[in-house]
Amino acid sequence: MSKNDKKQSNFSILMETIGKYLRSNYAILITLGVTFILTASLSFVRIATTSSIASFKIDDYEIGQIADITIIASKTLPPDFNNPIGVEKGERITRKGFPITEESYAKMRRMAESPAYIDYRSFADSLLFLLLLVVLAVLLNHEIRIHFAKPELKEFILEAVFFVIIYTVTVFGAKSSIFSSPFSICVIIPNVFFTFIIAILFGQINSLFFSIIISMGVLSATGFQLVPSLYVLATSLSAGLMMKNLERRSDMVFASLLQMVLNVVFLFVFKMIFNATFDNTVLILIGVGANGLLSGILCLGMLTPLELLLNTASPFRLMDLSDMNQPIMQKMLVTASGTYNHSMMVASLAEAACREIGANALLARVGAYYHDIGKIDNPEYFVENQKTGENIHDKLNPSLSVSVIRSHVKRGSEKAKAMHLPQCIIDIIKEHHGNSVIAYFYGEAKEKDPNAIPDDYAYPGTPPSSRESAVVMLADTAEAACRSLKKPTMQALDKFITTLIHNKLESHQLDNCGLTFKELDVIHDSFVQLLAGYYHSRMEYPGQKTNEEENQEEEKNTEEEKK
């Protein structure tokens, strides 16, 4: 292959990759484009309404000062009521190295206050910075996709709306005399409020990236003043971190109080670092403290409508769904008690394992509660709900049995959608069996027909796409399989669970979930410890009879009485 052919081939691959990325992310790119246009417009308003000339504010000059630049008028400006001195096109206003006269200063003010003079260089700098910010947002989104859960479009839109609001408040707030200083502007920036919401609805990682983006946005909105940007970054990061392990709404009150203190501390430290004067410091500190406190209180009020509107799996929403008095859970308890008990055990296993590996334990627990809700319609077809010695599948063809068994995944996801459960819960329901083959019925079919196709006896789902979903799959398999052990000792459980995990790996069920081999070892140990403790509590004591032996003895006594 010639060099030209190689170049053409590489170019084709590059264009194909770019086209594929654009097709799969066009909605996010459109959101970023709209956000860029809105913020660029706000930046133009900020610069156009600033009294500046030649990329410097008029306040940077004074009469008698030695000019550091030669300013030549590019437009003719007639005198007006506020500025009785006019300016002629091509006129030299100042000369570098010479002092600024009273007349020169008056002409400079006339130019600075005229809407005809806009600092386009400053506007170009702002546009370039905003464009780099868009690139940073794309890269951060890519990192989230690779290492964490894929962000949904609604999340991106909400963050874009919050960014525009913060940018707008900062731009127009800085125009007022009250909030014109780099310290006082921090009082009205609602970054903590929005970071609270992002962290609760979408997680700490998203709030971390959001904090970086909005701090850069504030840097642009304030004309590249460092103090507001550093303050926003520090307070936003602390707000996101405080949402860790948040489970009750009352916890928000304590988080708000702590954030109030941190806001005051951060601003005071920045005043010390930048050697700022302490004029109006008390009022500013009270203002930023109130900002932190009100952010938490307003967040509590906004969370419920946002949870319902966006259908997200916030900790509070998950806690509500974990209530066993939910109608669907009560129905499962009555109609499919075996499945109910199985789900409780799977939830315990999944929660413990996720806690050990640092995954979302609450999400795994709730996902495990609901993963088998599709069995409620036909509970008798599943072994945990069948009476001892009675198996309805003994009378059915393997293909018919498989169709009934497989259907519980589809039925479960349909029920979950009808209940408006969060998408991550629906994903766990769809993925808890992956696309693995139902070995028992496939083996039976193979005996009857050697040409049986494995795909016809496989679940219709997809392999787990998150760590929580994968842990629920492993917990489901382990709990169901370990019930078949006659003597579930620690050694037997260890070996059995190891085999189960290896089977999932070999069948490529764990390829897309992000679990590492180290985490699989931790999950294995967690399962063994929990199941060993569970079965140890059910060990038979010497002389204790099993249920089957007691039933046989009762039948024998009844027959003897009849005789």
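So, here is what we can say about the structure in this document. (Residues numbered from 1 in each chain as written. Predicted model: local features only at pLDDT ≥ 70, side-chain atom pairs only at ≥ 80, totals over all residues. Heavy atoms only, no water.)

1. Regarding the overall build of the protein chain
Right, on to step 1. Of the regular secondary structure elements, the protein chain holds 20 helices and 4 strands.
Right, on to step 2. Looking at the 563 residues of the protein chain, the share that counts as buried comes to 44%.
Right, on to step 3. Considering only contacts in the protein chain between residues 6 or more positions apart, those separated by 24 or more positions represent 72%.
Right, on to step 4. With an accessible surface of roughly 30,000 Å², the protein chain has 60% of that area assigned to carbon and sulfur atoms. (Helix = DSSP H or I, 4+ residues; strand = E, 2+ residues; numbered from the N terminus. Buried < 20%, exposed > 50% of the residue type's maximum accessible area, 1.4 Å probe, protein only. Contact = heavy atoms within 4.5 Å. Areas by Shrake-Rupley, 256 points an atom, 1.4 Å probe, with all protein chains shown as cover.)

2. With respect to helix α9 (residues 281-310)
Right, on to step 1. The largest bend along α9 measures about 35 degrees and falls at Met302, with the proline Pro305 one to four residues further on.
Right, on to step 2. Where α9 ends, the next residue or the one after it, Asn311, has phi of about 55 degrees, a positive value. (Bend = angle between axes of the 7 residues up to and from the residue.)

3. Here's the deal with the side chain of Glu307
Right, on to step 1. Relative to the helices and strands, Glu307 resides in helix α9.
Right, on to step 2. For Glu307, a relative accessible area of 3% corresponds to the buried category.
Right, on to step 3. Within the structure, Glu307 has its side chain in polar contact with the side chain of Ser314 (distance 2.3 Å).
Right, on to step 4. Setting aside anything within four residues of it in sequence, one finds Glu307 in contact with Leu201, Arg249, Thr312, Ser314, Phe316 and Arg317. (Polar contact = N/O pair within 3.5 Å; in protein donor to acceptor, adjacent residues only side chain to side chain.)

4. Observations regarding the side chain of Asp372
Right, on to step 1. Structurally, Asp372 can be placed in the loop between α13 (361-370) and α14 (398-418).
Right, on to step 2. The exposure class assigned to Asp372 is buried, which follows from its relative accessible area of 0%.

5. Focus on the nonpolar core
Right, on to step 1. Within the largest apolar cluster, 57 residues are counted, with the highest numbers of intra-cluster contacts made by Ile200, Leu201, Met243, Met252, Leu267 and Cys299.
Right, on to step 2. No other element matches helix α5 (residues 191-202), which puts 10 residues into this core.
Right, on to step 3. Ignoring any residue separated from it by four or fewer positions in sequence, one finds Cys299 in contact with Phe193, Phe196, Ile197, Ile200 and Met252.
Right, on to step 4. Listed in part, the 56 residues of the second largest apolar core include Ile426, Ala478, Ile523 and Leu531. (Core = buried A, V, L, I, M, F, W, Y, C linked by side-chain atoms within 4.5 Å.)

6. Quick look at the packing of helix α8 (residues 251-273) against α9
Right, on to step 1. As a packed pair, α8 and α9 sit with axes 8 Å apart at the nearest point and diverge in direction by 150 degrees. In terms of their interaxial angle, α8 and α9 are classed as roughly antiparallel. The two elements α8 and α9 cross, and the hand of that crossing is right-handed. Here α8 contributes Met252, Ser256, Leu257, Gln259, Met260, Asn263, Val264, Leu267, Phe268 and Lys271 to the contact with α9, which in turn contributes Thr281, Ile284, Leu285, Val288, Gly289, Asn291, Gly292, Leu293, Gly296, Ile297, Cys299 and Leu300.
Right, on to step 2. Split into classes, the residues belonging to the contact of α8 with α9 amount to 13 nonpolar, 8 polar and 1 charged. (Axes fitted to C-alpha atoms, helices over the stretch in contact; angles between N-to-C directions. Parallel < 35°, antiparallel > 145°, perpendicular 65-115°, else oblique. Left-handed = near helix turned anticlockwise from the far one by under 90°. Nonpolar A, V, L, I, M, F, W, Y, C, P; charged D, E, K, R; others polar.)

7. Considerations on α5
Right, on to step 1. Look at α5: 16 Å from first C-alpha to last across 12 residues, which is about the 16 Å you get at 1.5 Å a residue.
Right, on to step 2. With respect to burial, α5 is a largely interior element, 12 of its 12 residues being buried.
Right, on to step 3. Where α5 is concerned, the buried positions are Asn191, Val192, Phe193, Phe194, Thr195, Phe196, Ile197, Ile198, Ala199, Ile200, Leu201 and Phe202.
Right, on to step 4. Buried residues along α5 sit against α4 (153-173), α6 (204-221), α7 (226-241), α8, α9 and α10 (315-321).
Right, on to step 5. Gly203, located one to two residues past α5, shows a positive phi value of around 105 degrees. (Expected span 1.5 Å × (residues − 1).)

8. With respect to empty space enclosed by the protein
Unoccupied space between atoms shows up once a probe the size of one water molecule is rolled over them.
Right, on to step 1. For the coordinates displayed, the defined rule picks out 1 cavity of 30 Å³ or more.
Right, on to step 2. Roughly 360 Å³ of internal volume is contained in the largest cavity.
Right, on to step 3. Counting only elements with at least two residues in the lining of the largest cavity, the list comes to α1 (3-48), α3 (120-147), α4 and α6.
Right, on to step 4. Per-element accounting of the lining of the largest cavity gives the leading share, 7 residues, to α3. (1 Å grid on protein atoms, 1.4 Å probe; cavity = no way out; pocket = protein on both sides within 12 Å on 5 of 7 lines; lining within 4 Å. Points joined across faces, edges and corners; volume = space filled by probe spheres on them.)

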